[in-house]
Amino acid sequence: MALIDRIEHFVEIPEGVDAKLGDNGDVTISGENSSQTRNFSHSRVQLLEQGNGLLVRIDLPRRKDKALAGTWNAHLNNMVKGVTDGFTYRLKAVYSHFPMNLKVESTELVVNNYFGEKVPRRAAFVGDVEVKVENKTEVVVTGHDKEQVGQTAANIERCCSVKKRDRRVFQDGIYLVAKK
């Protein structure tokens with residue numbers, strides 16, 4: 001039994017950003033920096049254009065429907081922020097004895113001399129993100145899609161995971177420092 005009869009989330013589209021709804025549920029949000037397209041189709045959740053924004057509406061919601069409406073709201077807000085400002089994740093390489101060498105090669109980050117290992121470790125980039133190495137130990141991941149930027153940062157962190165050693169003692173690795 002539904003306790004409320006309708007849930008509505010309003011996503012405001014700022015000046016200079018254009019949002020278009022497609023026939024099959026595709027939403028394209030384009031701004032001055034980039035454009036993103038994502039499919040939002042579900043039998044119970046509606047996506048409507050209203051004034052200067054988009055409206056996520058569901059009638060007689062159940063628990064999973066309410067969660068889905070909130071998820072769509074968050075995705076749309078992230079898309080709007082991505083095409084206007086973009087996302088930036090900062091990571092820092094930490095080592096105690098063997099200095100790591102970080103290098104960007106086309107679509108992956110190469111970590112040389114991790115714990116004195118001869119074989120370099122590699123982290124793949126997801127989508128069209130930009131990765132830069134600053135000051136030999138700082139990695140900056142930037143892009144317009146929050147999921148791609150986050151997954152790339154996670155791949156970089158995961159490539160330097162420590163196996164068969166005590167994490168309290170061997171704390172070398174690349175760690176997420178800041179998100180913006």
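Everything below is about the structure shown above.
Residues numbered from 1 in each chain as written. Predicted model: local features only at pLDDT ≥ 70, side-chain atom pairs only at ≥ 80, totals over all residues. Heavy atoms only, no water.

Draft legend 1. Up close: the pattern of salt bridges. The full count for this structure, using the stated rule, is 12 salt bridges. Of the charged contacts, one joins R6 and D59 as a salt bridge, the two residues approaching to 2.8 Å between their closest N and O atoms. Separated by 53 residues along the polypeptide, R6 in strand 1 (residues 6-12) and D59 in strand 6 (residues 53-59) bring together distant segments of the chain. E108 is the partner of R122 in a salt bridge, and the nearest nitrogen-oxygen pair spans 2.6 Å. In this pair, R122 sits in strand 10 (residues 121-124) while E108 sits in strand 9 (residues 108-112), placing the two residues 14 residues apart along the sequence. Residue classification places R122 among the partly exposed residues on the basis of a relative accessible area of 43%. A cluster of three or more residues bridged by salt bridges with shared partners is formed by R6, E8, R57 and D59. (Salt bridge = Lys/Arg side-chain N within 4 Å of Asp/Glu carboxyl O. Helix = DSSP H or I, 4+ residues; strand = E, 2+ residues; numbered from the N terminus. Buried < 20%, exposed > 50% of the residue type's maximum accessible area, 1.4 Å probe, protein only.)

Draft legend 2. Representation of helix 2 (residues 146-159) in the model. Between its terminal C-alpha atoms helix 2 stretches 20 Å, which fits the 20 Å expected from 14 residues at 1.5 Å a residue. Looking at the packing, one finds that the buried side of helix 2 touches strand 7 (87-94), strand 9, strand 10, strand 11 (130-134), strand 12 (138-143) and strand 13 (173-179). Where helix 2 begins, the side chain of D145 points an oxygen toward the backbone nitrogen of E147, at a separation of 3.3 Å. (Expected span 1.5 Å × (residues − 1). Contact = heavy atoms within 4.5 Å. Polar contact = N/O pair within 3.5 Å; in protein donor to acceptor, adjacent residues only side chain to side chain.)

Draft legend 3. Expanded view of the pairing of strand 9. Here strand 8 (residues 101-105) runs beside strand 9; their pairing, made up of five bridges, is antiparallel. Its bridge partner lying in strand 9, L102 is registered against V111. Remark: two residues form the turn of the hairpin made by strand 8 and strand 9, two consecutive strands paired antiparallel; S106 in that turn has positive phi of roughly 40°. Taken together, the four bridges between strand 9 and strand 10 define a ladder with antiparallel strand orientation. Counted as the bridge partner of L109 is A123 from strand 10. (Pairing = 2+ DSSP bridges.)

Draft legend 4. Up close: unusual backbone geometry. With phi around 55°, N135 is a residue other than glycine that occupies positive phi space. In this fold, N135 is placed in the loop between strand 11 and strand 12. For N135, a relative accessible area of 61% corresponds to the exposed category.

Draft legend 5. Region of the structure containing the packing of aromatic side chains. Going through the model one piece at a time under the given rule, you end up with three aromatic pairs. The interplanar angle of 70° and the centroid separation of 5.3 Å between the aromatic rings of F40 and W72 together place this pair among those described as edge-to-face. You can see F40 sitting in the loop between strand 4 (35-39) and strand 5 (45-50) and its partner W72 sitting in helix 1 (residues 63-84), a full 32 residues away along the chain. Owing to a relative accessible area of 5%, F40 belongs among the buried residues under this scheme. What links up through ring pairs into an aromatic cluster is the set Y114, F115 and F170. Between the NZ or CZ atom of R165 and the centre of the ring of F115, over which it lies, the distance is 5.4 Å. The ring of F170 has R165 lying over it, and the distance from NZ or CZ to the ring centre is 5.2 Å. (Phe/Tyr/Trp six-rings, centres within 6.5 Å; stacked < 30°, edge-to-face > 60°. Lys NZ or Arg CZ within 6 Å of the ring centre and 35° of its normal.)

Draft legend 6. The arrangement of the sheet that holds strand 8 in detail. Ordered in space as 8-9-10, the three strands form an open sheet in which the pairing is antiparallel. Looking at strand neighbours, the two that pair on one side only are strand 8 and strand 10, the edges of this open sheet. The mean angle between the axes of side-by-side strands here comes to 20°, regardless of whether they run parallel or antiparallel. The strands that helix 2 touches are strand 9 and strand 10; relative to strand 10, the one it contacts most, it runs at about 165°. (Axes fitted to C-alpha atoms, helices over the stretch in contact; angles between N-to-C directions.)

Draft legend 7. Looking closely at the side chain of T137. Looking at where T137 falls in the secondary structure, it is placed in the loop between strand 11 and strand 12. For T137, a relative accessible area of 14% gives the class buried. Residue contacts for T137: discarding those within four places in its chain leaves L91, K92, A93, Y95 and L102.

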